[in-house]
Amino acid sequence: MARQILLAVLEKISNLLIQQLDSLLGVEDQILCIEAQLRTFADDSEYVNNKKLLTEIIHDLEVVIDELIISSAQRRKRDDFIRYVFASVDLPVYFFHILALVDLLHHYRLRMKLEQLIKIFKMHIDILEYHWNIVNDRSCFQSVIWHECVDPYDSDIPCILSLSWVESVGPYDMGISPIVRLLDALATRKELSPAVQRQAWRLRDKFSEVGMAWMEELGDVCRSAENVVGLFMDSQRKKRRKRPITKLVWSSRNFTSKSKIAQQLACIEDKIRDIYSRRFEAIQISVPDVSRSEFSKIFDRMAKEPPCAADQIDIFSFKDDVDAVTAQLLNEDPRCLTISIVGARGIGKASLAKLIYDSQAIAHHFPHRVWVSRRGESKETIMMQILGIEGSDIYRDPKDTEESYICRVRQTVNAFFMDKKYLIVIDDPCSSKVWNACEFWRGMGSAFNEISNGTRILFTVCHIWQAPPLTETNFTCRLHLRTNDESWALFKHTLQVNIPPELQHLKGRIISKCGGLPAVIVKLAELLSHTDATLEEWSRVLDQLNQDEEPWSGVLEEIKNYLPLYLRRCLFYFGLFPPGYKIPARRLIALWVAEGLGHQQDDAVSPEYVAETCLRELINYTIVQVTESKLNGKVKTCCLPEALQVHWFKKAKEAKFLQGHSNISDTDIGVIRRLADHLQQNDAVFDDIHHFNSASSFSRYRDVVSFISFDTREGSKPGEEIGNFLDRCISSNCFRLLWVLDLEQVYKPKLPKAVGQLIWLKYLGLRSTYLQMLPAFINKLLNLQTLDLKRTCISTLPSSIWMMQKLRHLFLDESFRSAFVPPQEDSSLADLQTLWGAFVDEDSPVRNGLETSLNITKLGLKCKISVPSQKAAMSSQLVDVENWVLKLKRLQSLRLKSFDESGLPWDLHLRSLSGHVDLSSIYLVGKLKNQQLVSELPGSLIELTLSASGLVEDPMQTLDKLPNLRILRLFSRSFMGKKMLCCFGGFPKLEVLKFWELELLEEWNVEEGAMPNLKDLDIRRCMNLKVLPAGLQCIKNLREVKLTKLPILSSNLEDKQGEDWEKIAHVRHVCIED
């Protein structure tokens, strides 16, 4: 019961915080602290020693939570009343000061209560301690072995224990949930005394605990409780409608009715106590005596074979994970290392482990391998399977001390592994909450401390807390949902039939339905393999796929029980996007920052970094799918899998985070805080946006903080309708608290002058709108932090842009010459961190203008001469740009392009960048005036792209010394020589290498030991390249080679034979195109 109470209160707290009510101002930190402490108790609350104390503390907390909810509703009604009654009257300022003082006093009182509760939690943290029933000696093995070792759903194991009624039937299966809801509602009545409220809570918890009982007797009690509570609440509703003087006259009768319900509740509680005391008489539970030898037979019958054969698994779907885990296993460290593969059920942990287990490299490196499928066994049983022994030597004797027992086990382990290097895989398909890898390693890990022959232990676990803690010898690999490309590769690999041409268009729908979960992908492929390959039949299977939540049960459990509140808020934001929409990560992060979502603990860390961390965490929780990745491994687009939208996302509406997107009536919508236009006619807000509804219905938009439109229709209609809607809302005194206005891909929206009244706006997204002019009212949006004008037709920015002192991110379109005008005196963009796509010509205000923005981390400029006569002036501008870049010590990403008046690459001035210790990405287009720049790059550099650089000397022998370089692209005319050499030990971390249009290159040599981690090689239009380097044959990690329009080489590779082909024959995927 304690767990049910905890989860109920946690959900109430989560909903309260997600709604971000104004009543939380000043107390949110305290509630977050309590929420975090409660969440640590929730999973193991059944093991709490003093459950009564825990329950009482939770009830105290629930009183405060309900008071916050009630006070917020009352304050809203009060404000509405004042706004309505005194709309035409100017109230004195002190009137609002009095209201604010009353609110502050109320908040102070609640805050003191919460602070006291936090102290109580901390005071009793030792009292409310957890204890696991861990088997320490053989004497207790018999009493617990059933729970730890037998899967009750295993058809090969006889059912030897009847499950108790508490476990088999819950209270909601009996139809008593209406009683629980009524009592919960009664307990929140403010007019009741705390004692009566507490009594109602106790009674609610009793009903929640009862479960299966003798239906007639319990049914009578349920009906009595429903009548008592229902009649009381009906009478209270009627009394609230009476006049104040009438209420005063009948106040004594009110007191009598409250006293009466307290007596009735006490009577019902006595009846429940009597019924509950007789529960074991009604249902007899037999626990047979099971000997240890019988369980040994059961163990012998359990399957111990690894999952599926390696040839049934598509390596492309796990390529990065295979490489990451294999690298750890083949590490030269002689100590015993552990690697934990972590991921939800169905994510492919066992398949990945089997793929690695059977690989040729692993089989060669580890002479001895053993696979243990745990299925609930104790740590002693696992050790017996690893060591291949029987008997009781591993079990702890009652006379053993902890030290003597571990010493004995260590001696056994050392003797076994003395001359044997092992790979041990411990697969955990059932993922027990008690027996897991962490518990195994805590009990047995020290026995492996003295092994020094390179033995490795590979665990598969569902949750990160089940893995051994991270240390210098314990590592983890978090599995994620597969990307679209990986999902399609796995689907085609598993599908046993060819896809007819007329069904190829279903690819997008198949990928979307699977959501990147390998278990679902395999299931769908198997279903379609045995279904007629017609559009009608395949569509029928796809329609039914996500109706069952079972494949996603592990992910749903992760969200419900383990996801922190700040991540739930971020997750709810996905509901603003249409189902299946591939959300750009940069857009999602910017929206989160604008709304203040995330978990900001340190002011030294930027909000953007916090938001990126939250996205990575959601991906690690196997909740968010990365649909596309960038070359550098960062997220390009992502989405929430369709199944999670179907089975869980309604929680967002229950929590009122997403309100108004349904086909319910206007009167049921309530207050809307986040509004998204999906262009769906059954949305309750559709008519307001796209038709001229009466402005009287617009009051619901008063508290909207975010408005996002997905109206991507062509023509002028979308822009006109959005403009009219914005004008009518703002004119109706709505949207005044708006933080986010995102109109990305809405064609030429008509922004009304009223938008200038949105003074709290932080994010204005106009990307891909092809807007031609930025309105002058932009200067009134002084709180704007992000302005996205990429893919617009705005050629000149208004001078008012310099007045936006809080602007942090400015995205422009270099194709339309988005240029700055000179700033007014003492105007600067001091907080600007991102300036991307800005156009610079000879008249641009670089000196005493742009160069005053010194906090920039991402800079992208296109420099171009306007007319040939201005070359001298342009050269001076490029020097000013060079000096500005040298001052940007926080720079992380730099993109500079230089063109002459005809659009051809021109001079590029840039001095040493070795002092820019945070710089990780450089993209340069133009002839380098300083050819030594390639030897003056920072060691932090990860990604380098050079185009038209005009380098005469071989850059490879200089760039190969960059310790962190992972991506290198040399494009047209970046190198003007004929020979290149990659030396032994060079490019230690390089993964992606691209040579495009190096027309003079004839010879490329790669020494053995160079580029050991190269994975992708792409060579295009290098017309004179004669042969492939022999060193490619030594790069074992190389998995993809793409050769395009190489006339000399293509003839040598045509028949997939010969010397050149042997150099790349080991590569997984080779693509040759003419």
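Residues numbered from 1 in each chain as written. Predicted model: local features only at pLDDT ≥ 70, side-chain atom pairs only at ≥ 80, totals over all residues. Heavy atoms only, no water.

By the naming in an unreviewed UniProt entry, the chain is NB-ARC domain-containing protein, taken from Hevea brasiliensis.

This next bit is on the overall build of the chain. Helix and strand counts for the chain stand at 36 helices and 28 strands. Contacts spanning at least 24 positions in sequence make up 69% of the contacts within the chain whose residues lie at least 6 apart. Looking at the chain as shown, the accessible area adds up to about 49,700 Å², and 52% of this sits on carbon and sulfur atoms. (Helix = DSSP H or I, 4+ residues; strand = E, 2+ residues; numbered from the N terminus. Contact = heavy atoms within 4.5 Å. Areas by Shrake-Rupley, 256 points an atom, 1.4 Å probe, with all protein chains shown as cover.)

The next thing to look at is the packing of aromatic side chains. By convention here, two paired aromatic rings are described through the distance between centres and the angle between planes. Per the counting criterion, the structure on display carries 21 aromatic pairs. Relative to tyrosine 422, the ring of phenylalanine 416 lies with its centre 5.4 Å away and its plane at 40 degrees, an arrangement referred to as tilted. On the basis of relative accessibility, which here comes to 17%, the residue phenylalanine 416 falls in the buried class. Looking at lysine 420, its charged tip hangs above the ring of phenylalanine 416, at a distance of 4.5 Å from the centre. The cationic tip of lysine 762 hangs over the ring face of tryptophan 739; the distance from NZ or CZ to the ring centre is 4.9 Å. (Phe/Tyr/Trp six-rings, centres within 6.5 Å; stacked < 30°, edge-to-face > 60°. Buried < 20%, exposed > 50% of the residue type's maximum accessible area, 1.4 Å probe, protein only. Lys NZ or Arg CZ within 6 Å of the ring centre and 35° of its normal.)

Moving on to helix H17 (residues 379-387). The buried fraction of H17 amounts to 8 of the 9 residues, a majority that puts the element mostly inside the structure. Turning to H17, its buried residues are Lys379, Glu380, Thr381, Ile382, Met383, Met384, Ile386 and Leu387. Looking at the buried side of H17, the elements it contacts are strand S2 (368-373), helix H18 (402-417), strand S3 (422-427) and helix H19 (437-444). Following H17 by one or two positions, glycine 388 has its phi on the positive side, about 70 degrees.

On to the pattern of salt bridges. Under the counting rule described, the total for this entry stands at 33 salt bridges. Arginine 335 serves as the salt-bridge partner of glutamate 472, at 3.0 Å between the closest nitrogen and oxygen. Of the two residues, glutamate 472 sits in the loop between strand S4 (456-461) and strand S5 (474-478) while arginine 335 sits in the loop between helix H14 (319-329) and strand S1 (337-342), which places them 137 residues apart along the sequence. Close ionic contact of arginine 847 with aspartate 880 constitutes a salt bridge, the shortest N to O distance being 2.9 Å. Of this pair, arginine 847 sits in the loop between strand S15 (834-840) and strand S16 (858-864) while aspartate 880 is found in helix H33 (residues 871-887), placing the two residues 33 residues apart along the sequence. When its relative accessible area of 9% is taken as the criterion, aspartate 880 is described as buried. One salt-bridge network, held together by shared partners, links Arg586, Arg587, Asp742, Glu744, Arg767 and Asp788. (Salt bridge = Lys/Arg side-chain N within 4 Å of Asp/Glu carboxyl O.)

What follows is about the state of the cysteines. Considering all chains together, one arrives at 0 disulfides under this definition. Cysteine cysteine 614 is unpaired, with the sulfur of cysteine 570 as its nearest cysteine sulfur at 4.2 Å. (Disulfide = S-S within 2.5 Å.)

Before going further, it helps to examine the sheet that holds strand S8 (residues 635-639). Sheet architecture is open: 3 strands sit in the order S6-S8-S7, paired in antiparallel fashion. Two strands close off the open sheet at either side, each with one partner strand: strand S6 (583-584) and strand S7 (625-629). Looking at chain direction, S6 and S8 are connected through 2 bridges and run antiparallel. Bridging across to S8, proline 584 finds its partner in threonine 637. (Pairing = 2+ DSSP bridges.)

The geometry of helix H21 (residues 507-514) relative to helix H22 (residues 518-529) is characterised by a closest axis approach of 8 Å and an angle of 135 degrees between their N-to-C directions. Classified by the angle between their axes, H21 and H22 sit oblique to one another. Facing H21, whose interface residues are Ile510, Lys513 and Cys514, H22 presents Val520, Ile521 and Leu524. For the contact of H21 with H22, the residue count by class is 5 nonpolar, no polar and 1 charged. (Axes fitted to C-alpha atoms, helices over the stretch in contact; angles between N-to-C directions. Parallel < 35°, antiparallel > 145°, perpendicular 65-115°, else oblique. Nonpolar A, V, L, I, M, F, W, Y, C, P; charged D, E, K, R; others polar.)

Here the focus is the pairing of strand S26 (residues 1016-1020). Where strand S24 (residues 992-996) and S26 come together, 5 bridges link them in parallel fashion. By the bridge assignment, tryptophan 996 is partnered in S26 with arginine 1020.

A word on the environment of arginine 335. Taking the relative accessible area as the measure of exposure, arginine 335 reaches 32% and is therefore partly exposed. Remark: the alpha-carbon pair of arginine 335 and glycine 454, spanning 119 residues in sequence, is separated by 5.6 Å. Beyond its immediate stretch of four places on either side in the chain, arginine 335 contacts Ile451, Gly454, Thr455, Arg456, Glu472 and Thr473. At 3.0 Å, the side chain of arginine 335 forms a polar contact with the side chain of glutamate 472. (Polar contact = N/O pair within 3.5 Å; in protein donor to acceptor, adjacent residues only side chain to side chain.)

Let us now look at the side chain of arginine 482. Following the sequence through the fold, arginine 482 ends up in the loop between S5 and helix H20 (484-494). For arginine 482, a relative accessible area of 3% translates into the label buried. Polar contacts involving the side chain of arginine 482 include one to the side chain of aspartate 321, which spans 3.0 Å. The residues touching arginine 482, leaving out its near neighbours within four places in the chain, are Ser317, Phe318, Asp321, Ser487, Gly516, Pro518, Gln625 and Val626.

A separate point is the confidence of the model for the chain. On average, residues of the chain carry a pLDDT of 77, and 68% of them reach 70 or more. Throughout residues 207-216 the model reports pLDDT below 50, and contacts reaching past four residues in sequence, or to other chains, amount to 38 contacts. (pLDDT = per-residue confidence, 0-100.)

Before going further, it helps to spend a moment on the nonpolar core. Counting residues in hydrophobic clusters, the biggest one holds 115 residues, and the most contacted among them are Tyr701, Phe707, Phe735, Phe820, Leu835 and Trp1004. Apart from residues no more than four positions distant in its own chain, phenylalanine 820 is found in contact with Leu797, Ile801, Trp802, Leu810, Leu812, Leu829, Leu835, Ala838, Pro845 and Leu850. One finds Ala344, Leu355, Leu524 and Leu545 within the second-largest nonpolar core, a separate group that totals 88 residues. (Core = buried A, V, L, I, M, F, W, Y, C linked by side-chain atoms within 4.5 Å.)

Spatial ordering of the open sheet is given by S2-S3-S4-S1-S5, a layout of 5 strands whose pairing is parallel. Strand pairing shows two members of the sheet lacking a second neighbour, S2 and S5, which therefore form its edges. The sheet shows a mean angle of 15 degrees between the axes of neighbouring strands, taken without regard to direction. Relative to S4, S3 runs parallel, the two being bridged by 5 bridges. If you follow isoleucine 426 over to S4, its bridge partner there is phenylalanine 459. Helix-sheet contacts for H19 involve S1, S3, S4 and S5, and the interaxial angle to S4 is about 145 degrees.

Bringing a positive patch on the surface into the picture now. A surface patch of positive charge is lined by Arg616, Lys630, Lys634, Lys636 and Lys858. Along the chain, the position of lysine 858 falls in strand S16. Residue classification places lysine 858 among the partly exposed positions, given a relative accessible area of 36%. (Patch = residues over 30% accessible without salt bridge, like charges linked within 9 Å, V, L, I, M, F, W, Y side chains within 5 Å. Lys, Arg positive; Asp, Glu negative; His and termini not counted. Charge placed at Lys NZ, Arg CZ, Asp CG, Glu CD.)

To continue, consider a negative patch on the surface. Taken together, the side chains of Glu1054, Asp1055, Glu1073 and Asp1074 present a region of like negative charge at the surface. For glutamate 1073, a relative accessible area of 35% corresponds to the partly exposed category.

Moving on: a nonpolar patch on the surface. Where nonpolar side chains cluster on the molecular surface, the patch consists of Leu737, Ile759 and Trp760 and spans about 290 Å² of accessible area. Relative to the helices and strands, isoleucine 759 resides in the loop between strand S11 (740-742) and strand S12 (763-765).

All right, on to the side chain of threonine 769 then. Mapped onto the fold, threonine 769 is located in the loop between S12 and strand S13 (786-788). We classify threonine 769 as buried; its relative accessible area is 0%.

Glancing now at unusual backbone geometry. Located in the positive-phi region is arginine 817, a residue other than glycine, with phi close to 55 degrees. Take arginine 817: it is sitting in the loop between strand S14 (809-811) and S15. Positive phi values are uncommon outside glycine, yet lysine 1045 reaches one of about 50 degrees. The exposure class of lysine 1045 is partly exposed, given its relative accessible area of 31%.

When S7 meets S8, the two strands line up antiparallel, connected through 4 bridges. Each residue of the ladder has a partner; that of glutamate 628, found in S8, is threonine 637. Connecting S7 to the next strand, S8, in antiparallel fashion are 5 residues, including glycine 633 with a positive phi near 90 degrees.

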